[in-house]
Amino acid sequence: MAVFGIVGNEKTSVASSVYYGLFALQHRGQESAGIVVNDDGVFTTHRDSGLVDEVFDHKSLNALGKGNMAIGHVRYGTLGTKERVNAEPIVVNHIKGRMAIATSGKLSNAAELKRELELAGHIFHTTIDAEVVSCVITKERLTSASIEEAVSRAMSKFSGGLCLLLMSPQKMIAARDRYGLHPICYGQREDGQYVIADESCALDSVGATLIRELDPGEIIVFQGGSVKSLRDHCGECPESLCIFEYIYTARPDSSIAGCAVHKARRRAGALLAKAHPVEADIVVGVPDSGLDAAIGYAGESGIPYGIGLIKNKYIGRTFIAPGQDVREDKVKIKLNPVRDTVAGKRVVLVDDSIVRGTTCAKLVKLLKSAGAKEVHLRSSAPAFINPCYYGTDIDSKDSLIACNHTVEEITKITGADSLGYLRLEDVTEICKSGNAKGYCTACFDGKYPTEIPKKYENKYDNKISENKK
Ligand code: AMP
């Protein structure tokens, strides 16, 4: 999921800027898109299921009109949540006024908060965290002197990953959860407009210069050209930036915690080559998120880097496809081997991660059918053995291949000639590339920075001790 906001003093075509920003953030969510424009407290909304360019056209963008601020959202979710009603931003009219809210990340205590609100008589129309977030803020607003005070009070009730953008008639508020699980930054354009987004690549897309990232727990209020930072929650919890941002989630041209994502991925590839060397003729990366690590692997090992798989640019991330059958077909449609690169060669195939194991098994088969003599699979992330509760929506151990199989078994299942994961200690090395004080590596080591969501607590107890890798 991703949020994007723009705020200035003049009324301009803010919706077009948000459109460009969301386009740059499309990799973080492909299920729905939406924009709310604020024109002196009059909110105009357009949101729907689909990709940014499916949801918006000239007509709908023009209909959003001009304003001095706007927020937008792209959504990523699990099966069954694609309904239009789950599209953000959401607009809430409460007793003290109006607000629009967009969120990214996932709360680990959403179910508890929702239950508490339901018992107090609230009715929910969606299944998204943003509605829970808006209810908690609205409740706090009733007894707060300002919207930022309400946000501040609400933030201490949220646990887990949350980047929040909130627009009231007069203010734009950006907030980052106390653990700093996901990144959010802001910058400024030459015309003075401030821009807020999960990743710096979105700032680039609208010609804004990065000012800085929000600190964990920080709340920033933009109003009438001024920027106020509220730091009441800063330092409350140990910083736990999601390591998967570097591995997979973020775009390589973004900078997170002061480190270029591309650089972190190359470094991971180099460390992978040191840990799992192999005699081979060519290193091939899985487009797109495996490419940087493959370059790193090639550089460290001295084995030439080659383009061995071509991605059809017009197809979305395979992971988003609902149902296993569709997902498997999509791999073939999405990636095609380059025979000239791989035929008769011993290939090192580098991917950013192995989650369910479906993609790499298909790719090994594809490369072999294109004449590869051997395929040595390398993952620039350690074995993914624990569910993620903070936004990646991998909330079940059942589908994680490394939970149920050893390295030897996975090698066999995928048809690879060998398999090597990045070592956990090397993840610590990548972490040093950034300036975050701490990282969440729970998907690899099970050390969650927050309590595990109640509803999941017992379901996996028996299996957790059986992790094979
Ligand atoms: P698989 O092993 O078949 O589940 O596919 C793994 C691939 O999915 C990786 O190479 C990533 O490119 C991608 N991936 C990893 N984590 C996620 C995620 N949380 N959401 C979507 N795609 C992901």
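The paragraphs below set out a description of the structure included in this document. Keep in mind that this is a model prediction, so the values were computed, not measured. (Residues numbered from 1 in each chain as written. Predicted model: local features only at pLDDT ≥ 70, side-chain atom pairs only at ≥ 80, totals over all residues. Heavy atoms only, no water.)

**Describing the pairing of strand E22 (residues 374-379)**
Judged by how many residues are buried, E22 sits mostly within the fold: five of six residues are covered. When strand E21 (residues 346-351) meets E22, the two strands line up parallel, connected through six bridges. Looking across to E22, one finds that Val347 is bridged to Val375. As a crossover connection, the stretch from E21 through helix H13 (residues 358-369) into E22 is right-handed. Bridging between E22 and strand E23 (residues 418-421) involves four bridges; their strand directions are parallel. Counted as the bridge partner of Ser379 is Tyr421 from E23. (Buried < 20%, exposed > 50% of the residue type's maximum accessible area, 1.4 Å probe, protein only. Helix = DSSP H or I, 4+ residues; strand = E, 2+ residues; numbered from the N terminus. Pairing = 2+ DSSP bridges. Right-handed = clockwise from strand over helix to strand, strands pointing away.)

**Regarding empty space enclosed by the protein**
Under the counting rule described, the total for this entry stands at two cavities of 30 Å³ or more. Together, 13 residues line the largest cavity, and Cys242, Cys388, Tyr390, Cys440 and Cys443 are the ones closest to its centre. Residues that form the lining of the largest cavity fall into these classes: ten nonpolar, three polar and no charged. Roughly 70 Å³ of internal volume is contained in the second largest cavity. If you trace the second largest cavity, you find it lined by Ile243, Tyr246, Ile247, Ala264, Arg265, Ala268, Ser289, Ala293, Asp352, Ser380 and Ile430. Elements supplying a minimum of two residues to the lining of the second largest cavity: helix H8 (244-249) and helix H9 (261-275). Per-element tally for the lining of the second largest cavity: the top contributor is H9, with three residues. (1 Å grid on protein atoms, 1.4 Å probe; cavity = no way out; pocket = protein on both sides within 12 Å on 5 of 7 lines; lining within 4 Å. Points joined across faces, edges and corners; volume = space filled by probe spheres on them. Nonpolar A, V, L, I, M, F, W, Y, C, P; charged D, E, K, R; others polar.)

**Some details on the sheet that holds strand E7 (residues 163-167)**
What the six strands build is an open sheet, ordered E5-E6-E7-E8-E12-E13; its pairing is antiparallel. Because the sheet does not close on itself, it has two edges, and the strands there are strand E5 (90-94) and strand E13 (226-230). Averaged over all pairs of adjacent strands, the angle between strand axes in this sheet comes to 20°, irrespective of strand direction. Judged from the five bridges that link them, strand E12 (residues 219-223) and E13 form a sheet pairing that is antiparallel. The residue of E13 that forms the bridge with Ile219 is Leu230. Its contacts with the sheet place helix H6 (residues 147-155) against strand E6 (97-104), E7, strand E8 (172-176), E12 and E13, and it is angled at close to 15° to E8. (Axes fitted to C-alpha atoms, helices over the stretch in contact; angles between N-to-C directions. Contact = heavy atoms within 4.5 Å.)

**Side note on the packing of H9 against helix H10 (residues 291-301)**
Packed helix pairs are specified by the crossing angle of their axes together with the interaxial distance, meaning the distance between the axes. Taken N-terminus to C-terminus, the directions of H9 and H10 make an angle of 45°; their axes are 6 Å apart at the nearest point. It follows from the interaxial angle that H9 and H10 lie oblique. In terms of crossing hand, the pair formed by H9 and H10 is right-handed. The segment H9 lies against H10, with His262, Arg265, Arg266, Gly269, Ala270, Leu272, Ala273 and Lys274 engaging Asp292, Ala293, Ile295, Gly296, Tyr297, Glu300 and Ser301. (Parallel < 35°, antiparallel > 145°, perpendicular 65-115°, else oblique. Left-handed = near helix turned anticlockwise from the far one by under 90°.)

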